[in-house]
Amino acid sequence: MTYRIAPSILSADFARLGEELSHVIAAGCDWIHFDVMDNHYVPNLTFGPMICGALKPHAKTAGGVAVPIDVHLMVQPVDALASAFADAGADLISFHPDASGHVHRSIQAIKAKGCKVGLVFNPAEPLDVLDWVIDDIDLILIMSVNPGFGGQSFIDSALRKIEDVRRRITACGKDIRLEVDGGVKVDNIRRVADAGADTFVAGSAIFGQPDYKSVVDAMRLALGTAA
Ligand code: DX5
Ligand code: ZN
């Protein structure tokens, strides 16, 4: 199993976002998680495609290897902003199916822009839509907090949902990432992995500490993939 750690820059210092990206990439993270909130679908407001575009040149290692930008859209409607983020350099774009009038159309539109596409499920949102579109997507993102804010506590029922999603991915046979978002820390990441997740968003756990690398290393150690 290849595990990926995706720091959420929602918890970074917004006055120094470019530097924060460089630091967290130097700490060995795999993806940059970019939380887009619209003060409508969720009660908070963050950043748009212009900030994504400004950060894109910083999303690379010191050796020049690109680090994927993983855009998590908490917006309604979905399609116009998804398209703008694709133009701004997003590599993966995930949206909440309950925020789109036509989920299949939104998926196809994101793919047509050359991005990988994901669906995001809130803690109380059923997975039924996967019955119809799992073959079309690259990523499933399970929310383990209610979307809108960093620093909340992990909701345990997400573990059962992750197990369910892992079964669905195995049954469909496609290479689909299973990402988990909210309240992931060094001391619970192993449990989340055991439930079947392979990609871990962590905001406050990483940016809330002075030494990002020590947190990323501790997470990899817990996952059994220490360098
Ligand atoms: C919540 C966001 C998360 C958030 C996670 O709506 O989608 O990505 O930043 O933050 P932590 O890791 O602090 O729970
Ligand atoms: Zn997120």
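The rules behind the values
Residues numbered from 1 in each chain as written. Chains lettered and ligands numbered in written order. Predicted model: local features only at pLDDT ≥ 70, side-chain atom pairs only at ≥ 80, totals over all residues. Heavy atoms only, no water. Donors = N, O, S within 2.8 Å, 3.2 Å for Na, K, Ca; no water. Tetrahedral: all angles 85-135°; square planar, octahedral: opposite > 155°, others 65-115°. Helix = DSSP H or I, 4+ residues; strand = E, 2+ residues; numbered from the N terminus. Buried < 20%, exposed > 50% of the residue type's maximum accessible area, 1.4 Å probe, protein only. Near = heavy atom within 4 Å. Polar contact = N/O pair within 3.5 Å; in protein donor to acceptor, adjacent residues only side chain to side chain. Areas by Shrake-Rupley, 256 points an atom, 1.4 Å probe, with all protein chains shown as cover. 1 Å grid on protein atoms, 1.4 Å probe; cavity = no way out; pocket = protein on both sides within 12 Å on 5 of 7 lines; lining within 4 Å. Sits in = over half its atoms within 2 Å of the grid points.

Trainee: I tried to follow the coordination of the zinc ion (ligand 2) on my own but got confused; where do I start?
Mentor: Coordination angles at a metal have ideal targets, namely 109.5 degrees for four tetrahedral donors and 90 or 180 degrees for six octahedral donors. Distances from the zinc ion (ligand 2) to its protein donors, His 33 (NE2), Asp 35 (OD), His 72 (ND1) and Asp 181 (OD), fall at 2.0 to 2.3 Å. Angles of 69 to 169° at the metal separate the six donor atoms of the zinc ion (ligand 2), which places the site in the octahedral class. Look at where the donors of the zinc ion (ligand 2) fall in the sequence and you get H-x1-D-x36-H-x108-D. With His 72 in strand β3 (residues 69-74) and Asp 181 in strand β7 (residues 177-181), this pair connects stretches of sequence that are 109 residues apart. For the residue pair His 72 and Asp 181, the accessibility class agrees, reading buried in each case.

Trainee: I would appreciate a short explanation of the site of ligand 1 in the present structure.
Mentor: Taken together, 20 residues sit near ligand 1, with Asp 35, Asp 181, Gly 183, Gly 203 and Ser 204 positioned nearest. The side chain of His 72 places a nitrogen or oxygen atom 3.2 Å from an oxygen atom of ligand 1. Between ligand 1 and Gly 151, the relevant distance is 2.8 Å, taken from an oxygen atom to a main-chain nitrogen or oxygen of the residue. When isolated, ligand 1 has an accessible area of 380 Å², and the protein chains bury 100% of it. More than half of the atoms of ligand 1 fall within 2 Å of the grid points belonging to the largest cavity. Put simply, the parts of the chain that give the shell around ligand 1 at least two residues each are β2 (32-37), β3 and β8 (199-202).

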